Amino acid sequence: MGIFDSLLGQIGSNVDVANLAAKVGLSQDQVEQAISALTQSHTEPGDTVDGAAQTTGLPADTLQEIVGHIGGEGSLGQFAQIIGATGGGDGEGGAGGLLSGLAGKLFGKS
């Protein structure tokens, strides 16, 4: 089980990244990248899917399908809270915040 599978399990999404990748026609790496971009975009102004599409280059309809499979916008908000991707003024927003949030969860830091 990968990092994203574990974190998605924490928000109650019964989603397996490998199965999701097969359903939407992407690689597991692309789905993980998409979930990461969607999570970060959810914390920023503007449309979540459009922001993630600009970041990843993936089609908006594919990203919208991923959002649906992981439980919708509410799940993205919960996921953002778990990994600390708040986008706030603490200097930890953006990809750096997302990665440090993931690393913190992996190594027991909060």
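Residues numbered from 1 in each chain as written. Predicted model: local features only at pLDDT ≥ 70, side-chain atom pairs only at ≥ 80, totals over all residues. Heavy atoms only, no water.

Draft legend 1. The arrangement of the overall build of the chain in detail. Looking only at helices and strands, one finds seven helices and zero strands in the chain. Going from the N terminus to the C terminus, the chain shows its helices and strands as α-α-α-α-α-α-α. Residue pairs in contact within the chain that sit at least 24 positions apart in sequence constitute 56% of those at least 6 positions apart. Accessible surface for the chain amounts to roughly 5,700 Å². Of this, 49% is attributable to carbon and sulfur atoms. (Helix = DSSP H or I, 4+ residues; strand = E, 2+ residues; numbered from the N terminus. Contact = heavy atoms within 4.5 Å. Areas by Shrake-Rupley, 256 points an atom, 1.4 Å probe, with all protein chains shown as cover.)

Draft legend 2. Representation of the packing of helix 2 (residues 17-24) against helix 5 (residues 60-70). The contact between helix 2 and helix 5 brings their axes to 11 Å, and the two run at 140°. By the angle class used here, helix 2 and helix 5 are oblique. Where helix 2 crosses over helix 5, the handedness of that crossing is right-handed. Every residue of helix 5 that contacts helix 2 at Leu20, Lys23 and Val24 is listed here: Thr62, Glu65, Ile66, His69 and Ile70. Residue composition of the contact of helix 2 with helix 5, by class: four nonpolar, two polar and two charged. (Axes fitted to C-alpha atoms, helices over the stretch in contact; angles between N-to-C directions. Parallel < 35°, antiparallel > 145°, perpendicular 65-115°, else oblique. Left-handed = near helix turned anticlockwise from the far one by under 90°. Nonpolar A, V, L, I, M, F, W, Y, C, P; charged D, E, K, R; others polar.)

Draft legend 3. Representation of the nonpolar core. Of all hydrophobic cores here, the largest spans 20 residues; its most connected members are Leu20, Val31, Ile35, Leu38, Leu63 and Ile66. When contributions to this core are tallied by element, the ones reaching two or more residues are helix 2, helix 3 (28-42), helix 4 (48-56), helix 5 and helix 6 (73-83). No other element matches helix 3, which puts five residues into this core. Setting aside residues no more than four positions away along its own chain, Leu63 makes contact with Ala34, Leu38, Val49, Ala52, Ala53, Thr56 and Leu58. (Core = buried A, V, L, I, M, F, W, Y, C linked by side-chain atoms within 4.5 Å. Buried < 20%, exposed > 50% of the residue type's maximum accessible area, 1.4 Å probe, protein only.)

Draft legend 4. Inspection of the packing of helix 3 against helix 4 at higher detail. At a minimum axis separation of 8 Å, helix 3 and helix 4 run at an interaxial angle of 130°. Between helix 3 and helix 4, the angle falls in the class oblique. Considering the relative orientation of helix 3 and helix 4, their crossing is right-handed. Contacts between helix 3 and helix 4 involve Gln33, Ala34, Ala37, Leu38, Ser41 and His42 on the former and, on the latter, Thr48, Val49, Gly51, Ala52, Thr55 and Thr56. Per-class residue counts for the contact of helix 3 with helix 4 are five nonpolar, seven polar and no charged.

Draft legend 5. Looking closely at the environment of Asp47. If you trace the backbone, Asp47 turns up in the loop between helix 3 and helix 4. A distance of 2.8 Å separates the side chain of Asp47 from the backbone nitrogen of Asp50, its partner in a polar contact. (Polar contact = N/O pair within 3.5 Å; in protein donor to acceptor, adjacent residues only side chain to side chain.)

Draft legend 6. Focus on helix 4. By the burial criterion, the buried members of helix 4 are Thr48, Val49, Gly51, Ala52, Ala53 and Thr56. Backbone geometry just after helix 4 places Gly57 at a positive phi near 80°.

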